Amino acid sequence: MTNLNAIDPAAVAEEAKIENDDVVIAKSAIILRRFLRNKTAVAGLAIFLALTVFSFVGGYLTPWDKETIDPFNIGMPPSADHLLGTSQAGIDLYALTVEGTRISILIGLVVGLASVLIAAIYGCTMAYFGGKVDKVMLFILEALIMMPALLVVAVATSGGGNGLQENLPSWLLLIIVLLVFSWMGTARLIRSLSMSLMQRDFVKAAQYMGIPARRIVWRHLVPNIGSLLVLDITRGVTGAILAEVAFSFIGIGIKVPDVSLGVLIGQATSQVATFPWMFWVPLVVMFLLTGSLAMMNDGLRDAFDPSSGSIGSANRSKTQKTAKKNSK
Amino acid sequence: MFRYLAKRAATYLLMIFLTTTAGYFLAVSTLQPALLEQERIPRPTPEQVTNSFRLKGLDPTLTPWERYIDWLTSVVTRWDWGRSPNGAFINAEFGDRVWISTRLFLASIVLTLIIGVALGVYTAARQYKFQDRVITSYSYLVYIVPAPIAYFLVQLGAININETVGERILFVTGISTPGLEGNGWVQFVDMLAHYAVPTFAITIVGWGTYQIAQRQYLLDNVNADFVRTARAKGLTRNQAITRHALRVSFIPVAQSIAFTIPAIFAGGFFAEKIFAWHGVGSWSIDAIALQDVNAATATLAYGSVIFAIGAILADFATTLVDPRVRVQ
Amino acid sequence: MSSETTASTERTADSVAERLHIAGLPAPGYAPADAVLSVRDLNVRFNSENGVVHAVRGVGFDLLPGKTLGIVGESGSGKSVTSLAIMGLLPPTAEITGSVRLNGKELLRLSDKAMCKYRGNDIAMVFQDPLSSLTPVYTVGHQIIEALTVHHPKMSKQATEARAVELLRMVGIPSPKDRLKAFPHEFSGGMRQRVMIAIAIANNPRVLIADEPTTALDVTIQAQVLEVLHTAQEETGAAVVMITHDLGVVAGMADDIMVMYAGKPVETGSVDDIYYNPRMPYTMGLLGAVPRVDISEKISLVPIEGIPPNLVHKPTGCSFAPRCPLVSDACLQGEPELWPVGGPRGGANGLPASGTHQAACIKTDSLGAEVDVHEIFHAPAVPVSRFDAVPRLERKTVLELKDVRKHFPLLKGALIKRRIGTVKAVDGLSFDIREGECFSIVGESGCGKTTTLLEIMEFHKDQDGEVTIGGLSNKAASDARTKNAMRKELQMVFQDPTGALDPRFTVYEVLAEPLENQGMDKPAIRKRIMELMKLVGLQPDHVNRFPNQFSGGQRQRIGIARALAVNPKLVVLDEPVSALDVSVQAGVINLLDKLRAELGLSYLMVAHDLSVVRHISNRVAVMYLGKIVEIGDVDSVFDNPRHPYTRALLSAIPVPDPQVERTRERIILQGDLPSPLDAPKGCNFATRCPVFAALPAAKQEKCLTLEPPLEPAASSQAAQAAPDQQFACFFPDGELDADMLVVHGAP
């Protein structure tokens, strides 16, 4: 759950304190304040945290688990025994949802964080070396973008990847494949941003001072693309959760006996009319998850955007919010 | 101009070759049709299986490299993409599938672009007003719904309509009613009834991105210096915006066409699966389930070609709206 | 908030007389009957997150037909907002009160549609940035014709096209008929500004507002564009409002001047009143802050300390008081109004006639022409460097360039690139810089001065030519140690102080970076940083702040401090003050002067502002298309320029002295800097040379076939007068072509 560190209020406040023994407000503090001022964003953060906690401790709140079959309650609607009802196999839906949420969040976080990391390394390398290296790496990047990810997912998870499948759980396999296909867009963005940063005078100043390249990248480039990285992490997490649901939904992602939100939703589609709760419960959880991430992403974008404080007018705070929301 | 496009086309041709090659090796090394044959009754001997595959050009005893050379030679010299494990010729199957996919997506692509751009302009003109908020919020909502689930929900809605009306006016699966007799009009109505739901579903999921992008680009240009110049000439604000800002705001949208077509194609896997149209997308998944190396590679090549077409179209569209690119 | 009362009353009572009565202005004689544009009590407010910004506060003036009003002020003084308010081009969120009358018709509160009848027809505007002011996707012709058809929808296609060609010809665009079909990106900045002027004068407006029309342009192009504006005014008879921060630009053009500060006019009067008899300390400071290109005597510039006030807060006293050296308690009691200089104050119940000298200062009467502005503003004494007494040739060389070249291949072709030519950005440059001197390179943009700096800063073994820094040659710079030793001698100050500082670094981190790199330990770094802060005139306790918490001038000081951190011998200054406001600029120039003297620094400066160059430099080189065309002691080159290009450059600089401007003979070069690609065989400058144009054909032949070498004057007398001066011209004393000379008689 490391991605939360990026916006952990305590850490940010601490950092601000170190940076300033003066009255001056640090940039991180300003960002935090802006983020906290955005009620939607804070609500998003709260929902996301709540879901994460739920997915870890929720399992202890019910006597049922995801494997035990209740032979007396098969395909039952919500009742006192089974808070959210049971599946057609007679497994407690609440337990399944807890498990599915955890797998979905896990996939989202791992893919979101790791793909941004790969993208940052790849993109910065391209921008720093430029020339031929950049050309070749860009070509590889575009070739990967061209490759339909779905096919590879299908090959890896359903087809003959038997050797792999025996050794690895399907969620891990899905993580690996999603990772391979999720970082290219961000890498391209980071490349172009770093390239423009390389042209900036403060980078030139450092070069003329004789500062070594490694230090310039670490001290000047990385912090300045930091806001983009944080934004891309939330975006990447959302994207990965959505992809997992989509793939599992049509039956090529996570495979039973592993559960995820996508699997739960997908399994329930055939009998929506008969067993509506089986479909709607995991779907609502998924909406809460992706929705809360989108709300957070929105607030973060506003907080990072230095120009966001200057638009609009005092008596129009509401419209202003919309304006910010839409200024992408 | 022409030479520029030719150069781009050459680059993409190389990329298509590379992705297809990579795809072939991935498929040939993981897909093992022989395993499926083992499940037949009566169970064939391994020698029988090998022999039958050798006849279809799928000799499992050859190394992947040898098979690749054979396959490539036949594609390049005879335009023969090989055969499926069941003996069907890829070339024959491919034509039908591409035609079905094209019929499914062409209308949706055109509608997505037109509606997205038109709504973008409409909401930008009514920034912060009620209509803008509703439409823009909707576009953001689409962003957090996985495409197959959105399609499925549309399908549910259509079924509901049918039930309410008490008659099957909308078909939620299939491309046409099999064995339908009747004159042209009957055929036409049947076609509409089959097309309506998938086209609607793909379009309403697709236009959100374009609406947001177009709205943003137009708003970015509304206060541009050249709009002010136009107003200083004596044009009203609205005239200045429609005559000057609008055209300039099309430039980035035109560039993004490159990604629409492949994106819709990718969404196509889901759409074909859910609406049971047997196009290229569902074929690719079936091919993997059936361990069909040649079909999987062909669909992958098709995906790459679609992407390249999108990219070249985007180049072309950009040249059309932006005179600065015209001078090469 | 009296004006707010006015605003609310206006909505109910439409009667002009009543409104004026409330505003405290007399209804009869509202404006001179002949004024084409009268502005009264104009106020503009914007809502911002921090509160209401009162951007324009009570601006009023009358503009008579055919006359020119110059509005002078620094950034944020409200001058551009004023012009946009008059044009009705402010966003609807802006709250505008007061009155703007065009030929007696009220323009404020007209709807956008009603206003369109006047905009572009009776009242037109030229904007600051020509690069972004034309729509990129339409042809130039389309955009000019649009200006015509908006107001004359019935005009035939032939008629509009003919008029568009006529307009382009009027603003001096060669082969106008073909150029109609060109797109803006095919034009240079100066050409685009001409197109903007053509659009503005398309319908023969009565009033033409020009908002910093030449700010983004080179001096030679600026002279051309000002000339075009002049012609446009003559052709149309329009009254002109010229908005600028450059006191030189308006000195020769304007009849009246209005100086604005913090959204308010602080001094108005005829151009002579303002330049020769300023009565408001701000105006006096501004005039003293501008270096003069035509005066060799070295005097310090007048620095105006502090920064303009934040317009969110209503000033309780004179808005200039916090920066004014003459401030007294009385200045803080209420904001002074504009009152006639030497006339009655208080009780005067009428607007003085247009052009009357007025100033908003309670000490106006004690500030006559005899007051020394340097004394008032405590301008520092001219610093003297210990090297000044040592003859140049006896001083050590800190930087030497020998035949440095930088050629870029120009490639073309789709798949296989082929070389179609060479851009000679820098073509055989040799010069040296001695200890304690400031050497400047001047020239138009594209002449290769920036490339020269890059060649020096990015020295490496394989470059074409030799760069010797502090005795170490680039040819020997193969190991990191030599390179580091060379870097330590050489530091740079950048043009844009904001871009040169990492926004995520505190000042401490910014200054510590070079020191850490030199391996200094923490306490020593701390001590050095405190020294540096004091050295550049910043408060040492501000080291924990981020760059965005400083003003532009302070940021540039931080940039200078960083450059000085490792005690370099030579500081490279790339347009060090061009991004700064005039009043701030003076402080930074004085600082650079002081540092050179105190620390014995040498400077290599690149600047487009020749006045600054003259003020700060000892030696100067004039570059044209990658070559030095004239080099020498700054006074000899500026007072007795020998190369025609130097003469043209110098004559293009506007001087903040109306008398001089009116009688000056000016060389207006034709066209833009040619592309370095098609550099001619003989003299590079022949295509634009005013001397060449006047030469007989036989002599012209020499210019076209032979390349003039850079050498001292041939005649021994001239060579003795300025032994250091060298130039590259065969006919330095040739007649100038009469077509390229312009003199404007007194208006």
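Predicted model only: the values in this text are computed from it and were never measured.

Rules behind the numbers
Residues numbered from 1 in each chain as written. Chains lettered and ligands numbered in written order. Predicted model: local features only at pLDDT ≥ 70, side-chain atom pairs only at ≥ 80, totals over all residues. Helix = DSSP H or I, 4+ residues; strand = E, 2+ residues; numbered from the N terminus. Buried ≥ 20, exposed ≤ 12 C-beta atoms within 10 Å, placed from the backbone. Contact = placed C-beta atoms within 7 Å. Rg over C-alpha atoms; globule rule 2.2 N^0.38 Å. Pairing = 2+ DSSP bridges. Axes fitted to C-alpha atoms, helices over the stretch in contact; angles between N-to-C directions. Domains from an automatic or database assignment. Nonpolar A, V, L, I, M, F, W, Y, C, P; charged D, E, K, R; others polar. Parallel < 35°, antiparallel > 145°, perpendicular 65-115°, else oblique. pLDDT = per-residue confidence, 0-100. Expected span 1.5 Å × (residues − 1). Left-handed = near helix turned anticlockwise from the far one by under 90°.

**With respect to the overall build of chain A**
In step 1: Secondary structure assignment for chain A yields 15 helices and 0 strands.
In step 2: Counting every position in chain A, which comprises 328 residues, the buried fraction comes to 47%.
In step 3: Taking all contacts inside chain A whose residues are at least 6 apart in sequence as the whole, residues at least 24 apart take part in 66%.

**Some words on the overall build of chain C**
In step 1: Broken down by element type, chain C carries 26 helices and 26 strands.
In step 2: Relative to the compact-globule value of 27 Å for 747 residues, chain C shows a C-alpha radius of gyration of 28 Å, a close match.
In step 3: With the C-alpha coordinates of chain C rotated into their principal frame, the extents come out at 85 × 70 × 60 Å.
In step 4: The buried share among the 747 residues of chain C stands at 51%.

**Section: the sheet that holds strand β21 (residues 619-624) of chain C**
Residues and elements named next belong to chain C.
In step 1: With mixed pairing, 8 strands are arranged side by side in an open sheet as β18-β19-β20-β15-β21-β22-β25-β24. Each edge of the open sheet carries a strand with a single partner, namely β18 (490-493) and β24 (711-712).
In step 2: Examined bridge by bridge, β21 and strand β22 (residues 627-633) share 6 bridges and lie antiparallel to one another. Looking at β22, one finds that M623 is bridged to I628.
In step 3: Contacts from helix α22 (residues 644-652) reach β21 and β22 within the one sheet, and its direction differs from that of β21 by about 105°.

**Some points on the domain arrangement of chain C**
All names here are of chain C.
In step 1: According to the domain assignment, chain C consists of domain 1 (64-96 + 110-254), domain 2 (278-379), domain 3 (395-413 + 421-628) and domain 4 (641-743).
In step 2: Of note, the centres of domain 3 and domain 4, computed from C-alpha atoms alone, are 30 Å apart.
In step 3: Taken together, the contact pairs 16 residues of domain 3 with 13 residues of domain 4.
In step 4: Looking at the side of domain 3 that touches domain 4 element by element, the count peaks at 4 residues for strand β14 (residues 418-434).
In step 5: When the residues that make up the side of domain 3 that touches domain 4 are grouped by side-chain class, the tally is 9 nonpolar, 4 polar and 3 charged.

**Here's the deal with the environment of I109 of chain B**
All names here are of chain B.
In step 1: Structurally, I109 can be placed in helix α5 (residues 90-125).
In step 2: Overall, the presence of 20 C-beta atoms within 10 Å leaves I109 in the buried class.
In step 3: With 106 residues separating them in the primary sequence, I109 and R3 have C-alpha atoms 28 Å apart.

**What to know about the sheet that holds strand β5 (residues 105-106) of chain C**
Residue and element names in this part refer to chain C.
In step 1: The 4 strands are arranged β2-β1-β4-β5 in an open sheet whose pairing can be described as antiparallel. Of all strands in the sheet, those bounded by a partner on one side alone are β2 (51-63) and β5.
In step 2: Pairing of strand β1 (residues 37-48) with β2 involves 10 bridges; the strand directions are antiparallel. If you follow L42 over to β2, its bridge partner there is V59.

**Describing the pairing of strand β3 (residues 68-72) of chain C**
Residue and element names in this part refer to chain C.
In step 1: Of all 5 residues in β3, 5 are buried; the element is thus mostly enclosed.
In step 2: Where burial is concerned, the two faces of β3 agree: the one with T68, G70 and V72 and the one with L69 and I71 are both buried.
In step 3: Pairing analysis gives 5 bridges linking β3 to strand β8 (residues 239-244), with the strands arranged parallel. Looking at the pairing, L69 lines up with V241 of β8.
In step 4: Bridge analysis of β3 against strand β9 (residues 256-261) gives 4 bridges, and the strand direction is parallel. In the sheet register, G70 faces β9, and the bridge partner there is I257.

**A short note on the environment of Y12 of chain B**
Residues and elements named next belong to chain B.
In step 1: Along the chain, the position of Y12 falls in helix α1 (residues 2-30).
In step 2: Take Y12: there are 20 C-beta atoms within 10 Å of it, and that puts it in the buried class.
In step 3: Between the alpha carbons of Y12 and P178 there is a distance of 40 Å; along the sequence they are 166 residues apart.
In step 4: Excluding its chain neighbours within four sequence positions, the residues that come into contact with Y12 are A308, A311 and I312.

**Let's talk about helix α3 (residues 46-55) of chain B**
In step 1: Across the 10 residues that make up α3 of chain B, only a small minority, 1, are buried.
In step 2: Where α3 of chain B ends, the next residue or the one after it, G57 of chain B, has phi of about 80°, a positive value.

**Here we look at the pairing of strand β6 (residues 123-126) of chain C**
All names here are of chain C.
In step 1: Because side chains alternate across β6, one face comprises the buried residues I123 and M125, and the other comprises A124 and V126, equally buried.
In step 2: In terms of strand pairing, β6 meets strand β7 (residues 207-211) through 4 bridges, oriented parallel. Looking at the pairing, V126 lines up with A210 of β7.

**Side note on the packing of helix α12 (residues 226-249) of chain A against helix α7 (residues 147-165) of chain B**
In step 1: Direction vectors running N to C along α12 of chain A and α7 of chain B enclose 55°, while the axes themselves pass 7 Å from each other. With respect to their mutual orientation, α12 of chain A and α7 of chain B come out oblique. Contacts between α12 of chain A and α7 of chain B involve V245, A246 and F249 of chain A from the former and A147, P148 and I149 of chain B from the latter.
In step 2: Its residues placed into classes, the contact of α12 of chain A with α7 of chain B shows 6 nonpolar, no polar and no charged.

**With respect to the confidence of the model for chain C**
All names here are of chain C.
In step 1: Overall, the predicted model of chain C reaches an average pLDDT of 84, with 90% of residues at or above 70.
In step 2: Low confidence marks residues 1-30, where pLDDT is under 50. Its contacts with residues over four positions away, or in another chain, come to 24 contacts.
In step 3: Segment residues 345-350: pLDDT under 50, and 3 contacts once partners within four positions in sequence are set aside and those in other chains are kept.
In step 4: At the level of chain-chain contacts, confidence expressed as ipTM amounts to 0.81, with global pTM at 0.80.

**Thoughts on helix α9 (residues 219-236) of chain C**
All names here are of chain C.
In step 1: Given a rise of 1.5 Å per residue, 18 residues ought to cover 26 Å, and the 25 Å separating the end C-alpha atoms of α9 matches this to within 8%.
In step 2: Of all the 18 residues making up α9, 13 are buried; the element is thus mostly covered by neighbouring parts of the structure.
In step 3: At the C-terminal side of α9, G237 shows a positive phi close to 70°.

**Considering the packing of helix α3 (residues 39-57) of chain A against helix α4 (residues 93-129) of chain A**
Residue and element names in this part refer to chain A.
In step 1: Running from N to C, α3 and α4 point in directions that differ by 125°, and their axes come no closer than 8 Å. Judged on the interaxial angle alone, α4 and α3 are oblique. When you trace α3 past α4, the crossing you get is left-handed. Contact with α3, carried on its side by L51, T52, F54, S55 and F56, involves V98, T101, R102 and I105 of α4 and no other residues of that element.
In step 2: Across the contact of α3 with α4, the residue classes break down as 5 nonpolar, 3 polar and 1 charged.

**Quick word on unusual backbone geometry**
In step 1: A positive phi is found at Y128 of chain B, a non-glycine position, where the angle reads about 70°.
In step 2: In this structure, Y128 of chain B sits in the loop between α5 and α6 (130-143).
In step 3: For Y128 of chain B, a count of 17 C-beta atoms within 10 Å translates into the label partly exposed.
In step 4: In this model, N103 of chain C sits at a positive phi of 50°, which is unusual for a non-glycine residue.
In step 5: Its place among the elements puts N103 of chain C in the loop between β4 (95-102) and β5.
In step 6: Among the residues examined, N103 of chain C registers 15 C-beta atoms within 10 Å and is labelled partly exposed.

**Here we look at the confidence of the model for chain A**
All names here are of chain A.
In step 1: Summary statistics for chain A give a mean pLDDT of 74 and a share of 77% for residues scoring 70 or more.
In step 2: Segment residues 1-25: pLDDT under 50, and 34 contacts once partners within four positions in sequence are set aside and those in other chains are kept.
In step 3: For residues 307-328, every residue scores under 50 in pLDDT, and the model assigns this stretch 27 contacts once sequence neighbours within four places are set aside.

**A few points about the environment of A652 of chain C**
Residue and element names in this part refer to chain C.
In step 1: In this fold, A652 is placed in helix α22.
In step 2: C-alpha of A652 to C-alpha of V219: the two residues are 433 residues apart in sequence and 6.0 Å apart in space.
In step 3: Other than its neighbours up to four places away in sequence, A652 contacts V219, T220, Q222, A223 and R666.

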